[in-house]
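# Observations on the three-dimensional arrangement
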Amino acid sequence: MKENIVKKMPEYSRKIGVSFEFFPPKNPDAIRSLWLNIKRLEPLDPKFISVTYGAGGSTRENTHNLVKEIQIKTKLNPAAHLTCIGSSRVEIEKIADDYWNTGIKHIVALRGDEPKILPKIKGDFQYATELIEVLKKRHDFEITVSAYPEMHPDSSSMENEYDVLKKKIDLGATKAITQFFFDSRYYIEFIEGAIKRGIKIPIVPGILPVTNCQKTIEFAKKMNCKMPKWLVKMFEGLDSEPETRKLVAATIVYDQCRELISNGIEDFHFYTLNRADLSFAICHILGIRTLKD
Ligand code: FAD
């Protein structure tokens, strides 16, 4: 096992902290289900919960509305994902003002991806760094950014990855969340590289509980994340066994979190896919108790 890296990262607390990511639901049933899931995870006292931002007008509206609703209806700290590709500066400034004025002061600032379907809209932004610049000029937002332990598919080298992260920090980012990964060595090496380069902000591992292996294989390929053979093997023969797949997923994520904890990591960001059960169970096994316990 590698040397405990937390000693070199004083920003990490000694207590395990979690955050949860949701996406805006698309229909009334999904909205009802999402709220049940949010309510289930709320007592775990997450540091924040974040809401993703999709391409297209109505999807974007849904993000704004959901974040504002969470702010009003719960005691949770919501963070709004915001992507800039295809947007104008004026549009982004308007969204920023709207969030700031409703008390939403934490933005997960991202570039996003160009939509696959035409027409492509030419916007004022090329990179997340430009978005951070605009947001910070407008208001003193807390800015969280992305990081890619296995390298973003558009990046030319790992060094480029660190340079971009450093640039984001210089512009005011105070935390990064990683793309999901399954082989923790990539994350640990990434953190060690960041420490060597003087990067001091917390780089929180993005944890994806896998329940649909085939879908995840396709997604991981696009995102440049390696799917270990052992992981694929664990789901073999379980296509029609959703409940067993959940148990397998919990085991895999628990092992992953334990390995990270043994390397000194104490903050985790769960990609919940709008389902609380797995994240709740994993948090429970990790010793995180609800506020009423
Ligand atoms: P950037 O950080 O801008 O990087 C994109 C590429 O450009 C990289 O190759 C980088 O090396 C390069 N680059 C960046 N800045 C510069 C610069 N100044 N000069 C030269 N090169 C540069 N997508 C969504 O659509 N909605 C979401 O809500 C969403 N949430 C996400 C949350 C997390 C935690 C993560 C990790 C990803 C999320 N994504 C989301 C996906 C993300 O939008 C894509 O991965 C996208 O391709 C890159 O966005 P980015 O902000 O990481 O890009």
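This text gives an overview of the structure that appears in the document.

## Observations concerning the site of the ligand
Around the ligand, the surrounding shell holds 23 residues, and the nearest of these are Tyr53, Asp113, Ser146, Tyr148 and Lys168. At 2.9 Å from an oxygen atom of the ligand is found a main-chain nitrogen or oxygen belonging to Ala128. Lys167 is positioned such that a nitrogen or oxygen atom in its side chain is 3.5 Å from a nitrogen atom of the ligand. If you list the elements that add at least two residues to the shell around the ligand, you get strand 3 (78-83), helix 4 (128-138), helix 5 (158-170) and strand 6 (173-180).

## Comments concerning the packing of helix 6 (residues 184-196) against helix 9 (residues 242-262)
Packing of helix 6 against helix 9 leaves a shortest axis separation of 10 Å and a crossing angle of 25°. Classified by the angle between their axes, helix 6 and helix 9 sit roughly parallel to one another. Judged by the twist between their axes, the crossing of helix 6 over helix 9 is right-handed. Within the contact between the two elements, helix 6 uses Ser184, Tyr187 and Ile188 and helix 9 uses Gln256, Glu259 and Leu260.

## Points about the sheet that holds strand 4 (residues 106-110)
With parallel pairing, eight strands are arranged side by side around a closed barrel as 1-2-3-4-5-6-7-8. Strand after strand, the sheet turns through a mean of 30° between neighbouring axes, direction not considered. When strand 3 meets strand 4, the two strands line up parallel, connected through four bridges. Looking at strand 4, one finds that His81 is bridged to Val108.

## Description of the layout of surface pockets
A probe matching the size of a water molecule, rolled over the atoms, marks out where space remains unfilled. Put simply, the second largest pocket is a space of about 160 Å³. Lining the second largest pocket are Thr211, Asn212, Cys213, Gln214, Ile217, Val232, Phe235, Glu236, Asp239 and Arg245. Of the residues contributing to the lining of the second largest pocket, the split by class is four nonpolar, three polar and three charged.

The rules behind these values
- Every chain begins its residue count from 1, and numbering advances along the sequence as written.
- Only residues with pLDDT of at least 70 are given local features in this predicted model, and only at 80 or more are side-chain atom pairs given and counted; all residues enter the totals for whole chains, interfaces and linings.
- Side-chain metrics in this entry use all non-hydrogen atoms of the structure; hydrogen atoms and water are not considered.
- Each residue is tested against the molecule or strand, and it is near if at least one of its non-hydrogen atoms lies within 4 Å.
- Polar contact criterion, stated in full: a pair of N or O atoms within 3.5 Å, where within protein one must be able to donate a hydrogen and the other to accept it, and residues adjacent in sequence count only if both atoms are side-chain atoms.
- Starting at the N terminus, helices and strands are each numbered in turn, a helix being any DSSP run of H or I of at least four residues and a strand any DSSP run of E of at least two.
- Only the stretch in contact is used when fitting a helix axis, every axis being a line fitted to C-alpha atoms; angles between N-to-C directions are given from 0 to 180 degrees.
- Angles are sorted into four bins: roughly parallel if under 35 degrees, roughly antiparallel if over 145, roughly perpendicular if 65 to 115, and oblique for all others.
- Definitions for this section: a left-handed crossing has its near helix turned counterclockwise from the far helix by less than a right angle. A right-handed crossing has that turn clockwise.
- By definition, residues are in contact when any of their heavy atoms lie within 4.5 Å.
- Pairs of strands are assigned from DSSP output, requiring at least two bridges between the strands.
- A cavity here means a set of 1 Å grid points, computed over protein atoms only, where a 1.4 Å probe fits but cannot escape. A pocket is an open set with protein on both sides within 12 Å along at least 5 of 7 lines, and lining residues have an atom within 4 Å of a point.
- Grid points are joined across faces, edges and corners, and a volume is the space filled by probe spheres set on the points.
- When residues are grouped by polarity, Ala, Val, Leu, Ile, Met, Phe, Trp, Tyr, Cys and Pro land in nonpolar, Asp, Glu, Lys and Arg in charged, and all others, Gly among them, in polar.

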